[in-house]
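# An overview of the molecular structure
This is what each chain is made of:
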Amino acid sequence: MRHDRREETMPQWQSPRRATVTPVIMVKDVMKTIEFAKDVFDGELVDPPLMRSNGELWNAEMRIGDSTIMFNAPPTGHEIRGFIYVHVPDADATSKKALDAGAQPVMEPSEQFYGEYDGGFQDGQGNIWWVSTHRQVLSPEEIEKGARAFEEKMADMQKQSG
């Protein structure tokens, strides 16, 4: 297990291995999602997975960068797919890696009005992974202006297509 500097300053009521908010993904064939995240994001399991007596996954925790994601096999009929936003050094390279691993494209990475270069893909279990490379720091006013221009562009596109 990796030592995390946060362990020294975290309150006793919070797990030293997790941030205040930790996403949980609960899908059928959850081990495939874990392998996908390991392959695409170089994720590392925090500990060996905890398995149920029937051989299904009970719980696994993975570190991706400085974040933790929990994975569980769902009770029948209670899948909870994830929409996970991941900052990466190269959104294009990560997207290619994901598509090569069998993901389906949702949106090709592109420049966004809020200063990010991002796009997404869906893994084989239905989770959406959005990858982003930060490009520039913008003021709230600049983001607001970009949002209004984007809305206008989208409205024009809808008028032309409909």
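This section reports on the structure supplied with the text. (Residues numbered from 1 in each chain as written. Predicted model: local features only at pLDDT ≥ 70, side-chain atom pairs only at ≥ 80, totals over all residues. Heavy atoms only, no water.)

The next point concerns the nonpolar core. Counting 25 residues, the largest nonpolar core has Phe41, Ile64, Phe71, Phe121 and Trp129 as its most contacted members. Counting only elements with at least two residues in this core, the list comes to helix H1 (30–41), strand S4 (57–64), strand S5 (67–72), strand S6 (83–87), helix H2 (91–100), strand S8 (116–122) and strand S9 (128–134). For this core, the element with the most residues is H1, which contributes six residues. (Core = buried A, V, L, I, M, F, W, Y, C linked by side-chain atoms within 4.5 Å. Buried < 20%, exposed > 50% of the residue type's maximum accessible area, 1.4 Å probe, protein only. Helix = DSSP H or I, 4+ residues; strand = E, 2+ residues; numbered from the N terminus.)

Its identity is not glycine, yet Asp29 carries a phi of approximately 55°, on the positive side. Relative to the assigned elements, Asp29 resides in the loop between strand S1 (24–26) and H1. Positive phi values are uncommon outside glycine, yet Asp42 reaches one of about 55°. Here Asp42 is to be found in the loop between H1 and strand S2 (44–45).

A separate point is a nonpolar patch on the surface. On the surface, Phe150, Met154 and Met157 cluster together into a nonpolar patch covering about 260 Å² of accessible area. Within the secondary structure, Met154 is located in helix H3 (residues 140–161). Judged by relative accessible area, Met154 falls into the partly exposed class, the value being 34%. (Patch = residues over 30% accessible without salt bridge, like charges linked within 9 Å, V, L, I, M, F, W, Y side chains within 5 Å. Areas by Shrake-Rupley, 256 points an atom, 1.4 Å probe, with all protein chains shown as cover. Salt bridge = Lys/Arg side-chain N within 4 Å of Asp/Glu carboxyl O.)

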